[in-house]
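Fold and contact review
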Amino acid sequence: MVTANNDLKVSQLVLPNGSWNWVAFRQLLHPHALEHFFNSPVSTLIVGPDRCIWEPEKHALWDKVLTNVSCYHRNLTDTPSCQICGASSESSLHILRDCSTTGTIWLSLLHHQSLPDFQNLALVDWLILNIDNRQLLVGTNVPWNVFFCSLIWQIWKCHNSHIFAASTISNTDLIHMSRAWALQYI
Ligand SMILES: [Zn+2]
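Now for a quick tour of the structure. (Residues numbered from 1 in each chain as written. Predicted model: local features only at pLDDT ≥ 70, side-chain atom pairs only at ≥ 80, totals over all residues.)

Before going further, it helps to examine the overall build of the chain. A tally of helices and strands in the chain yields eight helices and zero strands. Taken from the N to the C terminus, the helices and strands of the chain come in the order α-α-α-α-α-α-α-α. Considering the chain as a whole, with its 186 residues, one finds that 18% of them fall into the buried category. Considering only intrachain contacts with a sequence separation of at least 6, the fraction spanning at least 24 residues in the chain is 46%. (Helix = DSSP H or I, 4+ residues; strand = E, 2+ residues; numbered from the N terminus. Buried ≥ 20, exposed ≤ 12 C-beta atoms within 10 Å, placed from the backbone. Contact = placed C-beta atoms within 7 Å.)

Quick look at the structure:
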């Protein structure tokens, strides 16, 4: 039985015959996630012992959200600007942190929560700062990183609903909903 923890290494997911240990994978991952490993070659010791080769600052997946900026660069829209607040550039960070409505959400939370540099960091550093932060959301037993992930997902959905369905939700309701979702994961 293999259990997921911070010390789990790739080598623990490889059988002596050199193939992936699918039994272990099925214990650890959702079936959809398994698909990502089907075409991934098994690690070998030729390239050395297990180590982290993930370099977030170079990894494009951090910024794959289909914003107006990315649509503009793909000639899918005429302007990279934000349709909600009119800012000249609707980037991922703009949607998740800096848009006018979003900004007031974070300000209401940061009033109670101590998160230095929260509003000054670039996207990847901002994500890492929050995902690494396990302090509890003030007044709750919800870790900040769990709440943060829940909230940015709700912000993204709310941003899209606002633009494509003219549907809005109050900041208070958004925070409550994010906290309720976060509680499901702790
Ligand atoms: Zn905006």
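Positive phi values are uncommon outside glycine, yet Asn75 reaches one of about 60°. With respect to the helices, strands and loops of the structure, Asn75 is situated in the loop between helix H3 (68-73) and helix H4 (92-98). The backbone of Ala166 shows a phi angle near 50°, a positive value even though the residue is not glycine. Among the secondary structure elements, Ala166 is positioned in the loop between helix H7 (144-165) and helix H8 (171-183).

Turning next to the packing of helix H5 (residues 100-110) against H8. At a minimum axis distance of 10 Å, the contact between H5 and H8 shows a crossing angle of 65°. Handedness of the H5/H8 crossing: right-handed. Between H5 and H8, the contacting residues are Thr104, Ile105 and Ser108 on the first element and Asn171, Leu174 and Ile175 on the second. Of the residues assigned to the contact of H5 with H8, the class counts are three nonpolar, three polar and no charged. (Axes fitted to C-alpha atoms, helices over the stretch in contact; angles between N-to-C directions. Left-handed = near helix turned anticlockwise from the far one by under 90°. Nonpolar A, V, L, I, M, F, W, Y, C, P; charged D, E, K, R; others polar.)

Time to look at the nonpolar core. For soluble globular proteins, nonpolar side chains are generally found buried alongside one another. Core analysis: the biggest nonpolar cluster contains 18 residues, and Leu96, Val142, Phe147, Phe148, Leu151, Ile152 and Ile155 have the highest contact counts within it. Only H4, helix H6 (123-131) and H7 provide two or more residues apiece to this core. The element that contributes the greatest number of residues to this core is H7, accounting for eight residues. The residues contacting Phe148, other than those within four sequence positions of it, are Asn130 and Ile131. (Core = buried A, V, L, I, M, F, W, Y, C linked by C-beta atoms within 7 Å.)

Under the 1.5 Å per step criterion, the end-to-end length of H7 is 30 Å for 22 residues, consistent within 8% with the ideal 32 Å. Those residues of H7 that sit buried are Trp144, Val146, Phe147, Phe148, Ser150, Leu151, Ile152, Gln154, Ile155, Cys158 and His159. Looking at the buried side of H7, the elements it contacts are H4, H5, H6 and H8. Ala166 occupies a position one or two residues after H7 and carries a positive phi of about 50°. (Expected span 1.5 Å × (residues − 1).)

The next point concerns the environment of Trp153. By secondary structure assignment, the location of Trp153 is in helix H7. Along the backbone, Trp153 and Ser178 are 25 residues apart, and their C-alpha atoms lie at a distance of 8.4 Å.

No statement about biological role is implied by the geometric values presented.
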